[in-house]
Amino acid sequence: MDAQLAMPAAAHFDAPAIPETGGGKAPRGSAAMPPMLVVKNLKKYFPVKGGLLNRKVGNVHAVDDISFTVFKGETLGVVGESGCGKSTLARLLMYLMQPDSGEVAFGGRAVGAKDGLPLRDLRRNLQMVFQDSYSSLNPRLPVEASVAYGPRVHGTSAAKARETARGLLGKVGLRPELFGPRYPHELSGGQKQRVNIARALALAPKMLILDEAVSALDKSVEAQVLNLLRQLKREFDLTYLFISHDLNVVQYISDRVMVMYLGQVVEMGPVDQIYNGPKHPYTAALLKSRLAMDPDDKIVTPPLTGDPPNPINPAPGCRFRSRCQFAEAICEAKAPALGAWANRASHVAACHMADPQSGHTRAGTSAHDALAEEAAR
Amino acid sequence: MTIPTEQATRPLVEVRDLSVRFETRDRTVHAVNGVSFDVMRGEVLCIIGESGSGKSVTMRALMRLFSSRITRVSGDIRVAEHDIMAVSERQLSDIRGSTISMVFQEPMTALDPTYTIGDQIAETIVRHQHCSHAEAAAKALDLLQLVKVPNAERRLKAYPHELSGGLRQRAMIAVALSCRPKLLLADEPTTALDATVQIQVLLLLRKLQQELGMGVIFVTHDLGVAAQIADKVAVMYAGRIVEYGSVRDVLLRPSHPYTIGMLASTVHGQERDKDIDAIPGTPPDMSRLAEGCNFAPRCRFAEASLCTKASPPPVSLSPGRETRCFRAAELLTRPALVVSQSEVVAHAG
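None of the values given here were measured: they were computed from a predicted structure.

1. Quick look at the nonpolar core
And step 1. Counting residues in each nonpolar core, the largest one holds 209 residues, and the members touching the most others are Leu226 of chain A together with Cys46, Ala174, Phe218, Ala226, Val233 and Val235 of chain B.
And step 2. Ranked by the residues each element gives to this core, the list is headed by helix α8 (residues 165-177) of chain B, at 8 residues.
And step 3. If we skip the residues at most four places from it in the chain, Phe218 of chain B touches Val44, Leu45, Cys46, Ala186, Ile229 and Ala230 of chain B.

2. A look at the pairing of strand β10 (residues 240-246) of chain B
All names here are of chain B.
And step 1. Among the 7 residues of β10, 6 are classified as buried, and the element is accordingly described as predominantly covered.
And step 2. Note: strand β9 (residues 232-237) against β10, 6 bridges, orientation antiparallel. In the strand pairing of β10, Met236 is matched with Ile241.
And step 3. The loop that links β9 with its antiparallel partner β10 comprises 2 residues; one of these, Ala238, has a positive phi angle of about 50°.
And step 4. Sheet topology note: the β10/strand β12 (residues 321-323) ladder contains 2 bridges and is antiparallel. Looking at β12, one finds that Tyr244 is bridged to Glu322.

3. Focus: unusual backbone geometry
And step 1. One non-glycine residue with positive phi stands out, namely Asp237 of chain A, at about 55°.
And step 2. Tracing the sequence through the fold places Asp237 of chain A in the loop between α8 (219-236) and β8 (239-244).
And step 3. Located in the positive-phi region is Glu188 of chain B, a residue other than glycine, with phi close to 45°.
And step 4. Relative to the assigned elements, Glu188 of chain B resides in the loop between β7 (183-187) and α9 (195-212).

4. Things to note about the confidence of the model for chain B
And step 1. In this model, chain B carries an average pLDDT of 89, and 93% of its residues clear a pLDDT of 70 or more.
And step 2. When the criterion is pLDDT under 50, residues 336-349 of chain B qualifies, and its contacts beyond four places in sequence or with other chains add up to 19 contacts.

5. Some remarks on helix α4 (residues 143-153) of chain A
Residues and elements named next belong to chain A.
And step 1. The set of residues buried in α4 consists of Val143, Glu144, Ser146, Val147, Ala148, Gly150 and Pro151.
And step 2. Considering only its buried residues, α4 is in contact with α5 (158-171), α6 (176-179) and α7 (189-201).
And step 3. Of the residues one or two after α4, Gly155 is the one with positive phi, at around 95°.

6. What to know about the interface of chain A and chain B
And step 1. In this assembly, 35 residues from chain A lie in contact with 42 residues from chain B.
And step 2. At the level of secondary structure, the elements contributing two or more residues to the side of chain A that touches chain B comprise α8, α9 (247-253) and α11 (281-288) of chain A.
And step 3. A per-element tally of the side of chain A that touches chain B places α8 of chain A first, with 6 residues.
And step 4. Taken together, the residues of the side of chain A that touches chain B break down into 15 nonpolar, 11 polar and 9 charged.

Procedures and definitions
- Residues numbered from 1 in each chain as written.
- Chains lettered and ligands numbered in written order.
- Predicted model: local features only at pLDDT ≥ 70, side-chain atom pairs only at ≥ 80, totals over all residues.
- Core = buried A, V, L, I, M, F, W, Y, C linked by C-beta atoms within 7 Å.
- Buried ≥ 20, exposed ≤ 12 C-beta atoms within 10 Å, placed from the backbone.
- Helix = DSSP H or I, 4+ residues; strand = E, 2+ residues; numbered from the N terminus.
- Contact = placed C-beta atoms within 7 Å.
- Pairing = 2+ DSSP bridges.
- pLDDT = per-residue confidence, 0-100.
- Nonpolar A, V, L, I, M, F, W, Y, C, P; charged D, E, K, R; others polar.

Set out below in structure tokens:
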């Protein structure tokens, strides 16, 4: 299994060794925690057609060579702006679409390989909760039947499946005798999302992918659902991949964070290190764009200008350089690599500034420190 | 620009006891239940509330953007010199887009996909200022530059689908500002945008608002957005304004249990191994509102003898500040609350 764990070590610099116990809330357990999901060099391009003969004119680089590991029992938060490939990534992991290349291993077994893990078993153990709580439920089924559907498909008797469904509705805070017979349109957004969570748990999965699962909810309901997710994680010993554009929510729920930009991972590391000392200028700008709830603490100048560029046929070099205040010639000449990822405590960034040997004039300085230097000037 | 003194002191918008009901065959939804507020010239009022609280309906009432078949509106609305409830449909269409204009949440559906951005801006100008198309096109270019669209000349000829989300929203702001409105209505204009783009648009809106001296009513569910852009804040719950005051008063020293709960339940750097202090329960069904305070069933400070009997009237705690809660004065001075609130503020940084 260790062979599968080895990550591509593209750059040649040492990730700072941070003791697992340091930094406020270290991830629970230790390095002994086994990996749950290992993703290697995952790629998905979508062809863009156009022109007179409707030929292929380019590719949307939706997910472009992404590698990461999710360990058992942790929550890995994935953040990024729209179009960065977060949702494509989730769909690839569920094999709801086929990757162009790359490997996914779940629980130590390669998915889809000849003697690997069959898709049916993958989906039993890896379930997903979507953003739109309404369109992801069958409007013609009472919610109890929706929750019982998965176990039925996987061969459980009708009576047993119904019992499971009722139990789970109770677990997510919906009284089964009251809510079970209702149809999705009779429930509020928060209640529907609770049903979706119950349904995702119906096959007793080991891991959940939560794709913007709380984004459409009102703030007071969002807080309730986040509390529920934390409680269920403890109770069922779950592992989460939590995808969101909301940096505050990701900070609250995650042990480790992965930041994506235009189909690539630009930074990955333990949550406190990312939030207190971002290495990549994009991460730093995202964090600075958060709005405080204090009217005396307003943002005066926008941390970034412009929109994320078009993901169709991105130019070579660093994809962030068009919006980056620290961009130099090296950033155009060469795409920065993510750096050597060693273990759960590694904090790596795909930025020439993070690589002391890159030749960037600020090489060896994190974006956080570079911005502080600029501000001091 | 010199404003006559009488105009300067008189609010730009006066809304008194506004109620909006939607009546269908099977039920009546009481969307807005007696809302009163003023907006001064050059002031930004943020209406904060969750979905179904009546915040968007209140705003649409200022333009009478309702289907008359099922909507029952009562109360008084005055914007500038117009009595909105009394004007004819014809006058109303003159007012819409010139005196009052609106920016919507989803620019892709608010803009017409079959016309270029330039044509859509020019159309509004021609309609209200009765100028030639060439003049309007020149003004459209100025407007796109005003809202900081890069390569404005090229973007005039672009269709909405050819622009990114942030540029589309800027184009919609350009349409809304084309006739120099006195009042701009903004319905969650940045909610669909990414964080790094949202702050750009918020800063732009605030700058334009100050330069043009517009009154703005800004509807949002996001307390951070309100903190960034508002002068005054109105918190709505179940079709009523439950708390109203300056942005600093309401966000730093909230006096209504709902505002206090919203601040505590918004995720912003809470300790990770503790549950978030969420408001329990769900908002009420607006077609079946019970007697008494509508927030009472979810309120940790509610007293059965008091809160479920009658709807609390607005109480003025200090000049320019009102709260609809029987216990507001007591909550505001409760030391425990002040402490927990300062924690909230400390985390917010």
